[in-house]
Amino acid sequence: MSSSSSCLPPSRGASSSSHGCCCHRLILASSSLPATRSRGSHLTVALRSSLLLPAGPHSTPRSRRVACRAADETEPEPVSNGDEEKKEVVEDASSPSVDSVVAEPNATAETDSSADNTKDESPNAEPLSISNTLRNISRLTSTAATDSDAKAQVEVVDVASGSPLPGMKQQLEEAVTIPKETVDILKDQVFGFDTFFVTSHEPYEGGILFKGNLRGVPAKSFEKITTRLENKFGDEFRVFLLINPEDEQPVAVVVPRQTVEPATGAVPEWAAASAFGLVTVLTLLLRNVPVLQDNLLSTFDNPELLKEGLSGALVTGLIVGVHEIGHILAAKDAGVKLSVPYFVPSWQIGSFGTITRIVNIVRNRGDLLKVAGAGPIAGYTLGFALLLLGFTLPPSDGLGIIVDSAVFHQSFLLGGLAKLILGDVLKEGTQLSINPLVLWAWAGLLINAINSIPAGELDGGRIAFAMWGRKVSSRLSSVTIGLLGLSSLFSDVAFYFVVLIFFLQRGPIAPLSEEITEPDNTYIGLGVAILFLGLLVCLPYPFLFDPSQVTDFDF
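Residues numbered from 1 in each chain as written. Predicted model: local features only at pLDDT ≥ 70, side-chain atom pairs only at ≥ 80, totals over all residues. Heavy atoms only, no water.

### Some points on the overall build of the chain
Point 1. Along the chain, the regular secondary structure elements total 18 helices and 10 strands.
Point 2. The buried share of the chain, reckoned over its 555 residues, is 43%.
Point 3. Restricting the contact set of the chain to residue pairs at least 6 apart, pairs at least 24 apart contribute 73%.
Point 4. Of the roughly 29,500 Å² of accessible surface on the chain, a fraction of 61% belongs to carbon and sulfur atoms. (Helix = DSSP H or I, 4+ residues; strand = E, 2+ residues; numbered from the N terminus. Buried < 20%, exposed > 50% of the residue type's maximum accessible area, 1.4 Å probe, protein only. Contact = heavy atoms within 4.5 Å. Areas by Shrake-Rupley, 256 points an atom, 1.4 Å probe, with all protein chains shown as cover.)

### Comments concerning the side chain of threonine 283
Point 1. Looking at the element boundaries, threonine 283 is found in helix α9 (residues 269–287).
Point 2. Its relative accessible area of 10% is what places threonine 283 among the buried residues.
Point 3. In contact with threonine 283, other than residues within four places in its own chain, are Pro345, Ser346 and Gly350.

### A closer look at unusual backbone geometry
Point 1. With a phi angle near 60°, glutamate 248 is a residue other than glycine that sits in the positive phi range.
Point 2. Since its relative accessible area comes to 40%, glutamate 248 is described here as partly exposed.

### Some words on the sheet that holds strand β5 (residues 237–243)
Point 1. Reading across the sheet, the 4 strands line up as β3-β4-β6-β5 and stay open at both edges, with antiparallel pairing between neighbours. This sheet does not close on itself; its edge strands, each paired only once, are β3 (196–204) and β5. On average, each strand axis in the sheet is tilted by 25° relative to the strand beside it, whichever way the strands run.
Point 2. With 4 bridges connecting them, strand β4 (residues 207–214) and strand β6 (residues 250–256) associate as antiparallel partners. Across the sheet, the residue bridging to isoleucine 208 is valine 254, located in β6.
Point 3. Helix α7 (residues 180–190) rests against β3, β4, β5 and β6 of the sheet, and its axis sits at about 25° to β4.
Point 4. Sheet strands touched by helix α8 (residues 218–233): β3, β4 and β5. Its angle to β5, the strand with the most contacts, is close to 160°. (Pairing = 2+ DSSP bridges. Axes fitted to C-alpha atoms, helices over the stretch in contact; angles between N-to-C directions.)

### Concerning helix α13 (residues 365–392)
Point 1. Look at α13: 40 Å from first C-alpha to last across 28 residues, which is about the 40 Å you get at 1.5 Å a residue.
Point 2. Bending of α13 peaks at approximately 30° at the position of glycine 373, with proline proline 376 no more than four residues after it.
Point 3. For α13, the side-chain oxygen to backbone nitrogen distance between the N-cap and glycine 366 is 3.2 Å, and the N-cap itself is asparagine 364. (Expected span 1.5 Å × (residues − 1). Bend = angle between axes of the 7 residues up to and from the residue. Polar contact = N/O pair within 3.5 Å; in protein donor to acceptor, adjacent residues only side chain to side chain.)

### Observations concerning the confidence of the model for the chain
Residues shown with low pLDDT carry predicted positions that ought not to be read at fine detail.
Point 1. The predicted model of the chain averages 73 in pLDDT, with 64% of residues at 70 or higher.
Point 2. With pLDDT under 50 throughout, residues 150–164 is counted as low confidence; its partners more than four residues away or in other chains account for 44 contacts. (pLDDT = per-residue confidence, 0-100.)

### Quick look at a nonpolar patch on the surface
Point 1. A cluster of nonpolar side chains, namely Phe495, Tyr496, Val499, Phe502, Phe503 and Leu504, defines an oily patch on the protein surface of about 620 Å² accessible area.
Point 2. By relative accessible area, leucine 504 is classed as exposed at 51%. (Patch = residues over 30% accessible without salt bridge, like charges linked within 9 Å, V, L, I, M, F, W, Y side chains within 5 Å. Salt bridge = Lys/Arg side-chain N within 4 Å of Asp/Glu carboxyl O.)

### Regarding the pairing of β5
Point 1. Of all 7 residues making up β5, 5 are buried, and the element is well covered by its neighbours.
Point 2. With 7 bridges joining them, β5 and β6 adopt antiparallel strand pairing. Among the inter-strand pairings, phenylalanine 240 is bridged to a residue of β6, identified as valine 253.
Point 3. The turn joining β5 and β6, which pair antiparallel and follow one another in sequence, is formed by 6 residues; a positive phi near 60° is taken by glutamate 248.

### Some thoughts on the nonpolar core
Point 1. Residues Phe352, Leu387, Phe391, Phe408 and Phe497 are the most contacted members of the largest nonpolar core, which totals 65 residues.
Point 2. With residues near it in sequence (within four places) discarded, phenylalanine 497 still touches Phe352, Ile450, Ile453, Leu458 and Leu484.
Point 3. Counting residues in hydrophobic clusters, the runner-up holds 19 residues, among them Phe210, Phe222, Leu241 and Ile516. (Core = buried A, V, L, I, M, F, W, Y, C linked by side-chain atoms within 4.5 Å.)

### Let's talk about the packing of helix α16 (residues 459–487) against helix α17 (residues 492–504)
Point 1. The contact between α16 and α17 brings their axes to 8 Å, and the two run at 145°. Here α16 runs over α17; the crossing is left-handed. Here α16 contributes Ile481, Leu484, Gly485 and Ser487 to the contact with α17, which in turn contributes Ala494, Phe497, Val498 and Ile501. (Left-handed = near helix turned anticlockwise from the far one by under 90°.)

### So, the packing of helix α12 (residues 310–334) against helix α15 (residues 437–451)
Point 1. Contact geometry for α12 and α15: axes closest at 9 Å, N-to-C directions at 30°. The angle between α12 and α15 places the two elements in the roughly parallel class. Both α12 and α15 take part in a crossing whose hand is right-handed. For the pair α12 and α15, contact is made by Ser311, Gly312, Val315, Thr316, Ile319, Val320 and His323 and by Leu437, Trp440, Ala441, Ala443, Gly444, Ile447 and Asn448, respectively.
Point 2. Residues that form the contact of α12 with α15 fall into these classes: 8 nonpolar, 6 polar and no charged. (Parallel < 35°, antiparallel > 145°, perpendicular 65-115°, else oblique. Nonpolar A, V, L, I, M, F, W, Y, C, P; charged D, E, K, R; others polar.)

### Quick word on the environment of isoleucine 349
Point 1. With respect to the helices, strands and loops of the structure, isoleucine 349 is situated in the loop between β7 (342–346) and β8 (350–355).
Point 2. For the pair formed by isoleucine 349 and valine 493, sequence separation is 144 residues and the distance between their alpha carbons is 8.0 Å.
Point 3. Excluding residues within four positions of it along the chain, isoleucine 349 makes contact with Leu284, Arg287, Leu446, Ile447 and Ile450.

### Considerations on the pattern of salt bridges
Point 1. Evaluated as defined, the whole model comprises 6 salt bridges.
Point 2. Across the pair aspartate 184 and lysine 180 runs a salt bridge whose closest N-O atoms are separated by 3.1 Å. In this pair, aspartate 184 and lysine 180 both sit in helix α7, 4 residues apart, roughly one turn of the helix.
Point 3. Note that lysine 471 and glutamate 248 form a salt bridge whose closest N and O atoms lie 3.3 Å from each other. One end of the pair, lysine 471, is in helix α16; the other, glutamate 248, is in the loop between β5 and β6, with 223 residues separating them in the sequence.

### Things to note about the packing of aromatic side chains
Point 1. Summed over the entire model, instances satisfying the criterion amount to 13 aromatic pairs.
Point 2. Considering the side-chain rings of phenylalanine 193 and phenylalanine 197, the 4.8 Å spacing of their centres and the 25° angle between planes classify their relative orientation as stacked.
Point 3. Among the residues examined, phenylalanine 197 registers a relative accessible area of 28% and is labelled partly exposed.
Point 4. Within the aromatic cluster, the residues linked to one another by ring pairs are Phe412, Tyr541, Phe543 and Phe545. (Phe/Tyr/Trp six-rings, centres within 6.5 Å; stacked < 30°, edge-to-face > 60°.)

What follows is the structure, given as structure tokens:
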């Protein structure tokens, strides 16, 4: 092996024996060490490459020997040559000396043994004491700890830029980053043992989701949390107290306020609402003029015929308008902001009512129930009163409108009132004259009832959500839409309305600030009554008006 002759220069004969030992052991190590190196060799190489110390004129054979071994350990190891060589290497490598590590300034890092021996023999080389080595190791350890602490201090929680909560639209163009310090303040200072004891937290789309145990009354605990959040961060964050659909346990979600700002459209709301309103006025007029319904193009030839439908359009429109006024008044009282109402035209009944968005965050389920239920209550009250007047008052022209008795089978409520008020006059297959106010009021009641269906973001869907929570109302909405889909096979009104719900009002309902507290029983009773009245209006009347008309069959 030629490396043994190049380990030391020939001029240093006095110490050639020791250097030869070093090189001899180096050769044995390079030929017998396994692929996995010992921990001591790693430490030697690391210290030798990182601690650059000035070299002195003297160096001991021991230091040269270790330096040769450490430098040559970076070379690939060939296959073992014998058991005796393995034993000798193990004996020599089992106790490496820390103070034998040297570093050379102003030299490139080379891995061959001849280069290391040349550097070790330089007149500037001097041994490294144990105390200096320990100080260097301590300095390296403290530097690594400092880097680790600095890295921990800048740790942040990356939050995806998707929709933060159901029904909310993301307003940010890039991901939100919440510092770890902020998360710790939220966990330790905003929440607490007296409100919501946090057990874990995780990124949740637009914010942070905190899991834990809710303490005390949910409404009061939420008020404390909200106050502390505002004191710590001002208007920067928004907190929600929700029910986790996975385990039905309370969770708290904190999101940056800008992620829950209402979305804005390209077209101003008032412009779009005005266009829909004009079309709805036209359909209300056409609905009350049968001649124009048969031939729509004749409207341009006989525009004066629209006057005939003016009275009916005013009555039906009045019921729809009172419905919206009820929403507006209740929303103002509850601190809820509503968008401009969009009137939805309908060829069959004149209008499907209005679509009114809630543009801010509702505080709790009680407020949502008040706002959602106020419209149907107002509309049902006026519609029911006008319906009773129509049955009791004679027509203004003395003739009224001629209808078939089958009309009253279209609604359970309408058929039941007709049978109660008209009595024996109402028989199957007969025609009778009634005040047109009956039909106009019934159209208004039908529009109220359609909007009271417990589906999506309709009034009925919001009422169901406020009374029974998100999970139950979501399932009820799916069932209702399915039943409407089946009904559309037999009714064109049901077909167009289920299409409207699916594309415009399917939901989900935007989250409330606090969704755990249930409304008062009084408001729950009103909500149930609204849903029940909607069924009475929409379901058909299944009984015969005159039981004596039943034919007896002989078997």
